[in-house]
Amino acid sequence: MSRLIDRLIKEGYLNSPRIIQAFKEISRADFALEELIKKEGREFIEEYNAPLSISFGQTVSQPLTVAFMLELLQPEKGDRILDIGSGSGWQTALLAKIVGQDGFVYAIERIRELKEFGQRNVGKYGFKNVEFVCGDGSKGLGDKAPFDRIIAAAAGEEIQPEWKKQLKIGGRLAAPVGNAIRLLIKTGEDKFKKKEYPGFAFVPLIKEK
Ligand code: SAM
């Protein structure tokens with residue numbers, strides 16, 4: 001097992017067997033820029049617990065943050081998931097592995113080159129349960145809603161109202177708001193349980209005008 005995964009388990013960031021299994025099977029090195037792999041090597045990338053540049057001022061998220069958010073999200077086999085700000089596609093691939101063939105992941109990314117980069121990277125694993133969309137994820141993805149889970153990798157000033165609407169009752173949403181991660185659990189048509197976990201850093205959610 002990678003030393004990093006081992007440490008994330010020991011420190012309590014990774015708990016759920018299906019999330020741990022996905023971390024083991026999906027290598028973060030498959031989602032890094034080719035020049036970085038050439039310069040640093042795959043092992044360095046697999047053990048590195050910090051964000052990595054993927055150009056356009058964007059990053060592959062930090063493993064600790066992805067682990068923490070996935071444990072809050074609690075994706076299940078068979079879930080339909082909306083992944084907002086798919087970037088390198090690493091988290092998209094982890095989700096596709098977790099939900100399995102009966103589930104589906106819709107990955108939305110606003111920068112076309114990154115949508116294509118993420119799509120190519122996820123393509124290395126041959127998943128048939130992922131669709132990439134280029135667009136503004138702040139509006140969610142209305143024509144594919146409702147979702148069992150919604151996760152975002154870019155921080156807005158608030159949770160977007162469309163995300164709340166597009167979440168199924170009983171569904172979970174994990175998204176950054178400022179420097180905190182917020183978890184919402186939808187308990188009724190317009191009712192949510194809310195928890196907040198401060199102390200993280202994210203790139204901003206860029207909304208189309
Ligand atoms: N999970 C990704 C990964 O590990 O590679 C995270 C990538 S990065 C931290 C966040 C991404 O959100 C960036 O690629 C950025 O372009 C994207 N983003 C920001 N605002 C967005 C929006 N309104 N709609 C879709 N994507 C957005």
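Sequence order as written defines the numbering, with residues in each chain counted from 1. Only residues with pLDDT of at least 70 are given local features in this predicted model, and only at 80 or more are side-chain atom pairs given and counted; all residues enter the totals for whole chains, interfaces and linings. Side-chain metrics in this entry use all non-hydrogen atoms of the structure; hydrogen atoms and water are not considered.

Selection criterion: UniProt positions are given in the numbering used here, feature names are shortened, and annotations may be inferred rather than shown by experiment.
The name that an unreviewed UniProt entry assigns to the protein is Protein-L-isoaspartate O-methyltransferase. The heading Subcellular location (unreviewed entry) in the UniProt record of the protein holds the text "Cytoplasm". For the record of the protein, the UniProt heading Sequence similarities (unreviewed entry) holds the text "Belongs to the methyltransferase superfamily. L-isoaspartyl/D-aspartyl protein methyltransferase family."

Some remarks on the side chain of Arg 149
Keep this limit in mind: Secondary structure follows DSSP: runs of H or I at least 4 residues long count as helices, runs of E at least 2 residues long count as strands, and numbering of each begins at the N terminus. In this analysis, two residues are considered to be in contact whenever any of their non-hydrogen atoms come within 4.5 Å of each other.
Along the chain, Arg 149 turns up in strand β6 (residues 147–152). Dropping the residues within four chain positions of it, Arg 149 is found in contact with Leu 73, Gln 74, Pro 75, Glu 76, Asp 79, Arg 80, Ile 81, Leu 82, Leu 167, Gly 170, Gly 171 and Arg 172.

Looking at the site of the ligand
Here is the rule: We call a residue near a molecule or strand as soon as one heavy atom of that residue lies within 4 Å of the molecule or strand. Polar contact is defined as a pair of N or O atoms within 3.5 Å, subject to the rule that within protein one atom must be able to donate a hydrogen and the other to accept it, and that residues adjacent in sequence are counted only when both atoms are side-chain atoms. To be clear on the numbers: accessible area is Shrake-Rupley with a 1.4 Å probe, and residue cover counts the displayed protein chains and nothing else. Any residue that is not Ala, Val, Leu, Ile, Met, Phe, Trp, Tyr, Cys, Pro, Asp, Glu, Lys or Arg is counted as polar, Gly included; the first ten are nonpolar and the last four charged.
In the vicinity of the ligand lie 24 residues, with Ser 88, Glu 109, Asp 136, Gly 137 and Ile 206 positioned nearest. In the environment of the ligand, an oxygen atom lies 3.1 Å from a nitrogen or oxygen atom belonging to the backbone of Ser 61. Within the contact set of the ligand, a nitrogen atom lies 3.3 Å away from a backbone nitrogen or oxygen of Arg 110. Considered on its own, the ligand offers 600 Å² of accessible surface; in the complex 99% of this is hidden by protein. Classifying every residue of the shell around the ligand by side-chain character gives ten nonpolar, eleven polar and three charged.

With respect to the nonpolar core
Cut-off, in case you're wondering: Nine residue types can take part in a nonpolar core, namely buried Ala, Val, Leu, Ile, Met, Phe, Trp, Tyr and Cys, and a core is a set of them joined through side-chain atoms within 4.5 Å. Think of it in three bands: with a 1.4 Å probe and only protein chains considered, a residue is buried below 20% of the maximum accessible area for its type, exposed above 50%, and partly exposed in between.
Core analysis: the largest hydrophobic core is formed by 49 residues, its most contacted members being Leu 14, Phe 23, Leu 70, Trp 90 and Leu 94. Contributions of two or more residues to this core are made by α1 (3–10), α2 (17–25), α5 (63–73), α6 (90–99), β4 (104–109), α7 (112–123), β5 (130–134) and β9 (180–188). The element best represented in this core is α5, accounting for eight residues. Other than its neighbours up to four places away in sequence, Leu 94 contacts Ala 22, Phe 23, Ile 26, Val 66 and Leu 70.

Comments concerning the packing of aromatic side chains
Heads up, the rule is: For this analysis, a ring pair means two rings from Phe, Tyr or Trp (six-membered ring only for Trp) whose centres lie within 6.5 Å, classed as stacked if their planes differ by under 30 degrees, edge-to-face if by over 60, and tilted for the remaining angles. For a lysine, the NZ atom is tested; for an arginine, the CZ atom; a charge sits over a ring if that atom is within 6 Å of the ring centre and within 35 degrees of the ring normal.
The full count for this structure, using the stated rule, is nine aromatic pairs. The interplanar angle of 35° and the centroid separation of 5.2 Å between the aromatic rings of Phe 68 and Phe 200 together place this pair among those described as tilted. Linking Phe 68 in helix α5 with Phe 200 in the loop between β10 (191–198) and β11 (203–204), this pair joins segments that are 132 residues apart in sequence. Judged by relative accessible area, which is 14%, Phe 200 ranks as buried. On the basis of an interplanar angle of 40° and a centroid distance of 6.5 Å, the ring pair of Phe 200 and Phe 202 is categorised as tilted. Summarising the burial analysis for this pair, Phe 200 and Phe 202 share the class buried. Grouped by ring-pair contacts, the aromatic residues Phe 68, Tyr 197, Phe 200 and Phe 202 constitute a single cluster. The positively charged end of Arg 28 is found above the aromatic ring belonging to Trp 90, 5.4 Å away from the centroid.

With respect to the pairing of β4
Rules: Any two strands with at least two DSSP-identified bridges between them are counted as paired. If you view a crossover with the strands going away from you and the path from the first strand over the helix to the second runs clockwise, you call it right-handed.
The buried fraction of β4 amounts to five of the six residues, a majority that puts the element mostly inside the structure. Sheet topology places strand β3 (residues 80–84) next to β4; five bridges connect them, and they run parallel. Note that in β4 the partner of Ile 81 across the bridge is Val 105. Crossover β3 to β4 through α6 is right-handed.

Section: the packing of α5 against α6
The relative placement of two packed helices is expressed as an angle between their axes plus a distance between the axes. Here is the rule: Each axis is a line fitted through C-alpha atoms, and for a helix only the stretch in contact is used; angles between axes span 0 to 180 degrees, taken between their N-to-C directions. Here is the rule for handedness: rotate from the far helix to the near one, and if that takes an anticlockwise turn smaller than a right angle the crossing is left-handed, while a clockwise turn gives right-handed.
α6 packs onto α5 with a crossing angle of 35° between their chain directions and a minimal axis gap of 12 Å. For the element pair α5 and α6, the recorded crossing hand is right-handed. Between α5 and α6, the contacting residues are Pro 63, Val 66, Leu 70 and Leu 73 on the first element and Trp 90, Gln 91, Leu 94, Leu 95 and Ile 98 on the second. Across the contact of α5 with α6, the residue classes tally to eight nonpolar, one polar and no charged.

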